[in-house]
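One-letter residues, chain by chain:
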Amino acid sequence: MRTSQLLFPTLREDPVDSVVISHKLMLRAGMIRQLASGLYTWLPLGLRVLRKVEQIVREEMDRAGAQEVLMSGVQPAELWQESGRWQQFGPELLRLQDRHARDFCLGPTHEEVITDLIRREVNSYKQLPLNLYQIQTKFRDEVRPRFGVMRSREFIMKDAYSFDVSPEGMKASYDAMYQAYCRIFDRLGLDYRAVLADSGAIGGSGSQEFHVLAESGEDDIVFSTGSDLAANIEKAECIARGSRPEPTESLREVETPTQKTIEALVRDFDLPIEKTVKTLICRASEAIDAAFVALVIRGDHTLNEVKAENHPAVATPLTFATETEVRSSMGAGPGSLGPIDCPIPVIADREAAVTADFGAGANRDGWHYFGINWGRDCPEPEVADLRNAVEGDLAPDGSGTYQIRRGIEVGHVFQLGQKYSDAMDATVLDEHGKQATLFMGCYGIGVTRIVAAAIEQRHDDRGICWPASLAPFDVCIVPIGGNKNPIVDQEAIDIKETLEARGLEVLLDDRNLGPGPRFADMDLIGIPLRIVVSGKTLESGEVELKHRTEGEAQRVSREAIVDTIMESEWLRS
RNA sequence: CGGGGUAUAGCGCAGUCUGGUAGCGCAUCUGCUUUGGGAGCAGAGGGUCGUUGGUUCGAAUCCAGCUGCCCCGACCA
């Protein structure tokens, strides 16, 4: 390819409406352009990278025994009503009607469609296990699209679905996908971690996420310093530090007319924040005989909403009581709540439950108790893991302490179990001739997001530094002084054609520009290897070869350049 | 969904307060020169000032509505 024939409108300055580095660089490098909020057009250079990601994913899925299909992006409402998700999904599901006023949606995922296919086409356990995948455009009407293609409304996703007759089979399919994902992210050259995850609204039992580590990530990833234990903060188990000390203080009531927050309480009464708890009121589930429950966590901790929602006594979705509801159920307003004389069930976080001599609201406006001790001043609470992990927490496996870093979620593997097969009656005859409901797994990879995630991890102040596996071209050639010395251009073209004949993708920058802007553009778009052909070096029969991330170029003889590149480690790293 | 910002040439911006000929830099086009890190000279093209309505002799500018886009927040008492 020649730059003179390629549409790649590079920008010298950062576009004003971009905030993360990958978004800025994708715009500046002419990879994408925004069409509307959360919608993008991929230009030739960006599409080349996208296709590289797709191809690696495709090869590894095929190698793992999955088969590629392609399902419709538009899906009939009936299937979603059958699974129950037509009601369950909020405005994120873009619904539309056809000319006959029939309801459809733009697919945010394809569990329903694939389950429908399988229940029609697969009748016997002998046809299983089966794993089908597609690389398709998805649409989710995100509340707030941002960060370019990292959180867009339309995006390309690889989604795979496995079908087995037994839980053991499902587990084996899941493990195979896990291995395939590791190979994919290895080949993509990304620094990633597989972490335990909450299975969330999609449902199911086991679930792991793959995260690319980057400061701009939207998720907090918790690691143990001493083992492989890693989890999304939503799922990271927190244990209490030691056991509860004996009470040393007596209970006393303190007037707190203006102290409505933990911060104010700590500030005005010189109380250590670890000696306070906060009490959060939320709707109770139908499993218990109360309208609301009180969740108690230590003052310096934050509630983990996923853990709270997963608690059997808490209503799903997690709904905090309104101020009016707080008053009617507790007899006091927010800011004066606590576990003493609490009229509703109390669930305390593990750490809050081992705190002694603590302060909390008195359930009477303008009053707090200090020196509270569980069991003595109020009933022993039900104890649960309710809070978000913080740096330095003890890892639950005893291996060390927790560290927290940011991650971009690029993959997610789920063991779905029978959630969809049950709802949609997807069964086969098993070896005993009986109807058996299928066990499913589902496995996603955010293809477009990976492009952004790779840039977040691989860039410098001049632009993108692609790993060899993702680079839109392997090599670029910049001829200098060709207008004075026609040999330069001839040699450049000859090197290009020879490398192309050897199977490499080569970009020849033949634009009629000075060397400065051409070097800058080649750096910006991140081609791993650069050959400079100039009259100066040709005099001694040489050209220059430089890797994108190295400071100095090396001289290579004109005869040896093609072989040097073909043997270069850089093409494989 | 709540709050804030913003909308003027392809991109970045000034002009708006104080109403009166639509401007700057980069980019683009033509010609000549120029080729080792974002060139020089000369010339040229390009804007219903987001949109609708109002005030006015006159609106990019004042007023009102609508829309797009961006940012922050979204129940932790």
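Quick caveat: nothing in here was measured; it's all calculated off a predicted structure.

Caption draft 1: Spatial organisation of the protein's contact with RNA strand B. For RNA strand B, the set of nearby residues contains 45 residues, the closest of which are Arg 12, Arg 144, Lys 278, Gly 335 and Ser 534. The contact atoms of RNA strand B, taken as those within 4 Å of the protein, divide so that sugar and phosphate hold 48%. Within the contact set of RNA strand B, a sugar or linking oxygen lies 2.9 Å away from a backbone nitrogen or oxygen of Lys 260. One of the side-chain N or O atoms of Asn 512 is found 2.6 Å from a base oxygen in RNA strand B. Contributing elements (two or more residues each) for the surface near RNA strand B: β1 (32–36), β14 (277–283), α14 (515–525) and β28 (529–534). Of all the elements, α14 adds the most residues to the surface near RNA strand B, at 8 residues. Class assignment for the residues of the surface near RNA strand B results in 18 nonpolar, 13 polar and 14 charged.

Caption draft 2: Fine view of the sheet that holds strand β17 (residues 358–361). If you trace the 3 strands from one edge of the open sheet to the other, you get β13-β18-β17, paired in antiparallel fashion. A single partner strand is all that each edge strand has here, and the edge strands are β13 (252–255) and β17. Along the sheet, successive strands turn relative to each other by an average axial angle of 30°, direction set aside. Looking at chain direction, β17 and strand β18 (residues 367–372) are connected through 3 bridges and run antiparallel.

Caption draft 3: Expanded view of the nonpolar core. The biggest cluster of nonpolar side chains holds 63 residues, and the ones touching the most others in it are Met 26, Met 31, Tyr 181, Phe 185, Leu 188, Val 451 and Trp 466. With near-sequence residues (within four places) excluded, Phe 185 lies in contact with Leu 190, Tyr 192, Phe 210, Val 410, Gly 411, Ile 445 and Ile 450. Ranked by size, the runner-up nonpolar core spans 26 residues in total, among them Trp 86, Val 113, Leu 128 and Tyr 420.

Caption draft 4: Inspection of the sheet that holds strand β16 (residues 346–349) at higher detail. In space, the 4 strands of this open sheet follow the order β14-β15-β16-β19, with mixed pairing throughout. The open sheet has two free edges, formed respectively by β14 and β19 (382–384), since each of these has just one partner strand. Taken pair by pair, the neighbouring strands of this sheet meet at an average axis angle of 30°, ignoring direction. The sheet contact formed by strand β15 (residues 292–298) and β16 spans 3 bridges and is parallel. Counted as the bridge partner of Leu 295 is Ile 347 from β16. Here helix α9 (residues 323–330) sits on the sheet in contact with β14 and β15, set at roughly 105° to β14.

What counts and what doesn't
Residues numbered from 1 in each chain as written. Chains lettered and ligands numbered in written order. Predicted model: local features only at pLDDT ≥ 70, side-chain atom pairs only at ≥ 80, totals over all residues. Heavy atoms only, no water. Near = heavy atom within 4 Å. Polar contact = N/O pair within 3.5 Å; in protein donor to acceptor, adjacent residues only side chain to side chain. Helix = DSSP H or I, 4+ residues; strand = E, 2+ residues; numbered from the N terminus. Nonpolar A, V, L, I, M, F, W, Y, C, P; charged D, E, K, R; others polar. Pairing = 2+ DSSP bridges. Axes fitted to C-alpha atoms, helices over the stretch in contact; angles between N-to-C directions. Core = buried A, V, L, I, M, F, W, Y, C linked by side-chain atoms within 4.5 Å. Buried < 20%, exposed > 50% of the residue type's maximum accessible area, 1.4 Å probe, protein only. Contact = heavy atoms within 4.5 Å.

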